[in-house]
Amino acid sequence: RVLMLNAGARDGVKRGQAVLDSKGMVGRVVEVGNRSARVLLLTDLNSRIPIVLEPSGDRAILAGDNSDTLHLELLSPKASITVGMRTSTSGHGGKLPPGLPIGRVSRISEGIVQVQPFVDFGRLDYVLVADWGTIAFESISDVDKPTVGTAKQEGILNQTGPGKQTP
């Protein structure tokens, strides 16, 4: 299960970037051409994403199986999971940032935990390709010119405020 984007390397798309829609994570960019890119959907049999369950903080691997639901692998037997728990990316492995919404636990049966994604994969029109690797923080000591939450053209995010400096 893949998705083709009409954006590629000329548009700044790179392999490994997260792809999201307005509800949550769709997948990751796996191939990039000059004018197009291929996205491996979370539902694909080959998809594996490290996740965290909220609010318990238990970690697992979210796997696709070419169906509309996902399932959890490598989940600790000590984990306490209930239907309705939210799943999001854990940030482990450094490929994706933590906190990207994925879905909710929809069923627990015979040791198999199923997750219903927030994204409706049958109704995708527009997606966002997120480049987490270019975000950096710089310290600005001039509080007369606050730049809270503004982005420079180079992709560097400034965060400042009275008495607050970020490295």
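Note that the structure is predicted; figures quoted are calculated from it, not measured.

(A) Spotlight on the nonpolar core. Membership of the largest hydrophobic core comes to 33 residues, with the highest contact counts inside it found for Ile49, Ile51, Leu62, Leu72 and Ile102. Among the secondary structure elements, those contributing two or more residues to this core are strand 2 (18-20), strand 3 (25-32), strand 4 (37-41), strand 5 (48-54), strand 6 (59-64), strand 7 (70-73), strand 9 (101-109) and strand 10 (112-117). Apart from the residues lying within four places of it in its own chain, the contact partners of Ile51 are Asp58, Arg59, Ala60, Leu62, Leu72, Thr87, Ser88, Thr89, Ser90 and Ile102.

(B) The arrangement of the confidence of the model for the chain in detail. With 79% of its residues at a pLDDT of 70 or more, the chain has an overall mean of 81. Scored below 50 in pLDDT, residues 142-167 shows 39 contacts in the model against residues more than four places distant or in partner chains.

(C) Expanded view of the sheet that holds strand 4. Ordered by their spatial adjacency, 5 strands build an open sheet running 1-4-3-2-11, and the pairing between neighbours is antiparallel. Edge positions in the sheet fall to strand 1 (2-5) and strand 11 (128-130), since each has one partner strand and no second. Pairs of neighbouring strands in the sheet enclose a mean axial angle of 35 degrees, with direction left out of account.

(D) View of the sheet that holds strand 10. Here we have 6 strands rolled up into a closed barrel, ordered 5-6-7-10-9-8, and antiparallel in their pairing. Between one strand axis and the next, the sheet turns through 45 degrees on average, direction left out of account. Where strand 5 meets strand 8 (residues 86-89), 4 bridges bridge the pair, whose relative direction is antiparallel. Residue pairing across strands places Ile51 opposite Thr89, the latter belonging to strand 8.

Criteria and thresholds
- Residues numbered from 1 in each chain as written.
- Predicted model: local features only at pLDDT ≥ 70, side-chain atom pairs only at ≥ 80, totals over all residues.
- Heavy atoms only, no water.
- Core = buried A, V, L, I, M, F, W, Y, C linked by side-chain atoms within 4.5 Å.
- Buried < 20%, exposed > 50% of the residue type's maximum accessible area, 1.4 Å probe, protein only.
- Helix = DSSP H or I, 4+ residues; strand = E, 2+ residues; numbered from the N terminus.
- Contact = heavy atoms within 4.5 Å.
- pLDDT = per-residue confidence, 0-100.
- Pairing = 2+ DSSP bridges.
- Axes fitted to C-alpha atoms, helices over the stretch in contact; angles between N-to-C directions.

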